[in-house]
Amino acid sequence: MALSSLGQKKIGDIPLQSLVLILAVVVVIPWIMPNNYWIRIAGNAGLWIMLSLGLNVVAGFAGLLDLGYVAFYAIGGYTYALLCSGHWNIHLPFWLVVPICALAASACGWGLGFTSLRVSGDYLAIVTLGFAEIVRLLLLNLDRPINITGGPNGLPDLDFAHIFGFTFRTVTQYYYLVMFFALLVILASYRLKRSRLGRGWEALREDELAADAMGVNTTYMKLLAFGIGASIAGGAGAVFASWQGGVFPNNFGFSQLVTVYCMLILGGVGNIWGVILAAIILSILPEALREYGAFRMIGYGLLLVVLMALRPQGILGEISLRPKRKKKEVEEPETLKAAEELFYGDGSHDFVKPLKKGKLNKDRVLLELKDLTMIFGGLHAVDRLSLKVYEGEILSIIGPNGAGKTTVFNLITGIYPPTSGHIIFDGKEITGLKPHKVVEKGVARTFQTLRLFTNMTVLENAMVAQHCRTKSGLFSILFRLPGFLKEEERIERVAKENLGLFGARLTGFRYKQKAINLSYANRRRLEIARALATDSRLILLDEPSAGMNPKETEEITRFIRNLRDKYGYTFIIIEHKLNVVRTISDRVIALDYGKKIAEGSYDEVADNEYVVQAYLGRKKGRV
Amino acid sequence: MKKVLLLGLSVCLIIAFSTINGYAADVSKGLSIGAAGPFTGPAAAPGMEIFNSIKIAVDEKNAAGGIKGVKVKLVMGDDAGDAAQGVNVAEKFCADKTMYGVIGPPMSNVAEATLRMYAQCNLTCITTAASRPDLTEKGYHHFFRVNARDDAHGPAVGHFIAEDLKAKSVYVLNTKDTYSQGYADQVVATLKKLGVKKIWRDTIVASAKDYSSVLTRVKAKNPDVLVVGAKTAPDHAVMVRQMRELGIKAIYFGSEGAKDKKDFIQASEGAAEGAYLNHFAPDIYKIPEAAHYVKVYESKYGSLSGFGPPAYDATNILLNAMEKAAADGDITRKEVMKYMAQTKNYRGILGFPITFDKKGDLLGGATYIFKVVGGDFKLVKVAKGM
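Since the structure is predicted, the reported quantities are computational estimates derived from the model, not experimental observations.

**Observations regarding the overall build of chain B**
Of the regular secondary structure elements, chain B holds 12 helices and 16 strands. Taken along the three principal axes of its C-alpha coordinates, chain B extends 65 × 60 × 35 Å. For chain B, with 386 residues in total, the buried portion stands at 55%. Summarising the internal contacts of chain B: among those between residues at least 6 apart in sequence, 70% fall at separations of at least 24.

**A word on the domain arrangement of chain B**
Residues and elements named next belong to chain B. As assigned here, chain B comprises domain 1 (2-148 + 289-355) and domain 2 (151-279 + 367-384). A separation of 32 Å is found between the C-alpha centroids of domain 1 and domain 2. Between domain 1 and domain 2, the residue contacts involve 10 residues of the former and 14 residues of the latter. Of the residues that constitute the side of domain 1 that touches domain 2, the class distribution is 3 nonpolar, 6 polar and 1 charged.

**Regarding the sheet that holds strand β4 (residues 99-103) of chain B**
Residue and element names in this part refer to chain B. Strand order in the open sheet formed by 5 strands is β3-β2-β4-β5-β6, and the pairing between neighbours is parallel. Among the strands making up the open sheet, the edge pair consists of β3 (72-78) and β6 (143-145). Within this sheet the neighbouring strands show an average axis-to-axis angle of 25°, counted without direction. In terms of strand pairing, strand β2 (residues 31-37) meets β3 through 7 bridges, oriented parallel. Looking at β3, one finds that Ile 33 is bridged to Leu 74. Here helix α2 (residues 44-63) sits on the sheet and contacts β2, β3 and β4; the angle it forms with β3, its principal contact strand, is near 170°.

**Considering the domain arrangement of chain A**
Residues and elements named next belong to chain A. Segmenting chain A into domains produces domain 1 (11-253) and domain 2 (365-616). The distance between the C-alpha centroids of domain 1 and domain 2 comes to 41 Å. Listed as interface residues are 23 residues of domain 1 and, on the opposing side, 28 residues of domain 2. At the level of elements, α7 (171-193), α8 (196-206) and α9 (208-213) are the ones that each hand at least two residues to the side of domain 1 that touches domain 2.

**With respect to helix α11 (residues 308-325) of chain B**
Structurally, the α-helix is built with 3.6 residues per turn, so residues lying three or four positions apart point the same way. Given a rise of 1.5 Å per residue, 18 residues ought to cover 26 Å, and the 26 Å separating the end C-alpha atoms of α11 of chain B matches this to within 8%. Most of α11 of chain B is tucked away, with 14 of its 18 residues classed as buried.

**So, the packing of helix α3 (residues 36-61) of chain A against helix α3 (residues 83-95) of chain B**
What describes two packed helices is the angle between their axes and the distance between those same axes. Running from amino to carboxyl end, α3 of chain A crosses α3 of chain B at an angle of 155°, the nearest separation of the two axes being 7 Å. Between α3 of chain A and α3 of chain B, the interaxial angle falls into the category roughly antiparallel. Residue-level inspection shows Asn 36, Tyr 37, Arg 40, Ile 41 and Asn 44 of chain A of α3 of chain A in contact with α3 of chain B, the latter providing Asn 88, Glu 91, Lys 92, Cys 94 and Ala 95 of chain B. Considering only residue class, the contact of α3 of chain A with α3 of chain B consists of 4 nonpolar, 3 polar and 3 charged.

**Points about the confidence of the model for chain A**
All names here are of chain A. Summing up the model confidence of chain A, the mean pLDDT is 86 and the portion of residues at 70 or higher is 90%. Considering each helix and strand of chain A separately, the mean pLDDT is smallest for helix α14 (residues 333-340), with a value of 38, and largest for helix α4 (residues 69-83), with 96. Long-range and interchain partners of residues 319-352, a stretch whose pLDDT sits below 50, account for 29 contacts in this model, where long-range means more than four residues apart.

Cut-offs and rules
Residues numbered from 1 in each chain as written. Chains lettered and ligands numbered in written order. Predicted model: local features only at pLDDT ≥ 70, side-chain atom pairs only at ≥ 80, totals over all residues. Helix = DSSP H or I, 4+ residues; strand = E, 2+ residues; numbered from the N terminus. Buried ≥ 20, exposed ≤ 12 C-beta atoms within 10 Å, placed from the backbone. Contact = placed C-beta atoms within 7 Å. Domains from an automatic or database assignment. Nonpolar A, V, L, I, M, F, W, Y, C, P; charged D, E, K, R; others polar. Pairing = 2+ DSSP bridges. Axes fitted to C-alpha atoms, helices over the stretch in contact; angles between N-to-C directions. Expected span 1.5 Å × (residues − 1). Parallel < 35°, antiparallel > 145°, perpendicular 65-115°, else oblique. pLDDT = per-residue confidence, 0-100.

Put into structure tokens, the structure is as follows:
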């Protein structure tokens, strides 16, 4: 009972029971292993766990295909070798050198990240691979004119790890040292994954543009991922170097990189427990086969292929550590009935504050566009567009396909910097700001083609939206400072409240459902909930009712109006269904070829000659 | 006080080590020897030649009744040429209580990384190819080698190039690995000492399929001799072929790795004709004592490149030492080490007597220089005592 209550308090941390279990296993292993050889193998598994979890941050969480990872391992190892050996006769203490190695590797990681920010996917892979090659060649060739790395000979005879008068010599002692670091890394990755940073990375991996538009500073997050991954590799390199008692260039070759990636893929990218399990399997397996020469690698490869064929999502795939409770996949009839009526919320929310009467100033301009122009090559997608949106207003933008409606949204939210013109939000210029900055100011959007973070759960999708409203840094996340815990609680509450606006459609068992498993209409709803969860005042909805049946369309229409009436949100809506536009809009603007051709109430715009022409073409005989 | 404590502690540790690792056992509990080396990976070809030769020697011993009637078990420890894996192998061999000696590791970096570990568990190592000089300079007593060191071949090759080939200008290339780098360093140092003025150096990438860019630079200098230090025969074959294609007239001098009839001479499609190379063993086909071994090897595993014979001899030397150690029905690792060091004038199949000096190095090893003539290796010089 005491255990579970403690676990309850520490939301999102490793369950205490699991931690105790892991610790027990780690402590017991040297006692049950037949000899030193197997203890060393176990220690090696610990090193591989560290390495693969470090890569898991970069490639698993953030989805950056980093092929230069093993270079950071090398940097860590060689830094240790230089600072703890007779090579230059520097003998720094171990506890000081490991952080130095991690920092050195991390600095290189930031550097590599910084130079390769503009590339992603395959190109990133090539750039990072190039980096790894540079490091490898430097290690091989920096033995003259001054001998730094020892060239192909490497640097032998390194110091034993020495901490406060205790020297680690035997295999068992080193095993415990390695495992200590491995546990630290496990704990750190677990905590990182369940934090705003972890969710930010996953959002980045799922959809970079949407992540940016939801307030995740993608540039910073990428650099952070590179830096953290590299520092873990650097620390692992230092421990490795100390244990091996020497570093050699071919300790850090392409084959090691392939092995780490195998562990990551076999374990299931991003899945911490899976990666740990894969690291253990793949580091022990080749040892078990060591006596069989060429058959060793054949067997290893074969097993890898079989495992991947059986479990393409990784060995642990969808299995989580704790057995899942049976969940109701089908909504109960009552719930379904309730969901058919619109759920308005009961007004008891803290964050989505119901509107106080008279607070809304309908004359106040919330957003103003001045002569906004966007030119793609020779095409004027938006042509000197000026408009004003008043607080609490619902403004619809209509126009035929290609009229530039979505481009206007992209300009407001900062996805494109405009060719010329100004965007003023709440009296402040936001022209040219990056998307995540625009969200911070209070403008959020949905996308015409749904851009949810499909492999994250419904709740996580909404939680990502709070990224720009929270500040917890690495330090407070890793040490779970009170500030972080308070923030986490707040994030979850805000997310749940906003999802709660949609009633049973997005709450209850749906919290834990992946976005990819939602129905189309529910995905639309989730996008709106996600935009609301950013705490923005102006919401841009790009075809909110697309793909919905008439009933759902009516529901969403009333829902949007209700959000305005009750909570005071301001909306700009792009919509093709004219009955939606008619019922919902305070004002309508019609665009054609990037120009505003009509503005006014729905009836005024609908009767406008130019609008009719734009939709239906010119009447015969008229010029 | 502190010093006394520390001293006491280290004495305790040493005693602990010697008692833990000084396995003294009845021979009948089993005898095994380990083969450590790169049996997979890029160096698998020479690695497997070494392993097969060890196997022949062990099989012969067992066929003759083993040691004191106990069959010797051969355990493979594949390190793929990676020091990190070599360390695992060492740990495994150390932990094997029936193991009394290790053949290998043949690669210098692996040998370097595992030196301390094998020393700690008193396991005798006899390498057949690791030629980095400082391996035997660290004061360990468990490490022996039947091959000459880099600093033995380099001077011999330098002298041959300066004095026999009378080269005035030499271009030296080497791949970036311990062996080739040390070799090139020694050749260059000797050439300088002998007054060769025009020496150029460059490094190349191992296993590349195209060396034309570096060879273009070589061509511009027009040297008399091109020395190439590279570990594997295909590298030499590519190099010598492209060199002739580019019309470079220099004499080609390859390091040990080039001595492979199939992968060097035949693979170069005639370009190797007239090239020189050095090797630590004489032509195995010309030694009468080796005839039986060659016949057995070729009938079982195909052609020999030169890494096999020393491994065969090394295994027999180790088995002899084990036999002596086991003479009283009891055997310890330390005994094996002791009898190894006493090896004197062992005449195996290498054509020269094997004696170890105090450091474990081969006493009076020679460098054999061959020339490719008519699609085969022809011994042209034996350089001794460099």
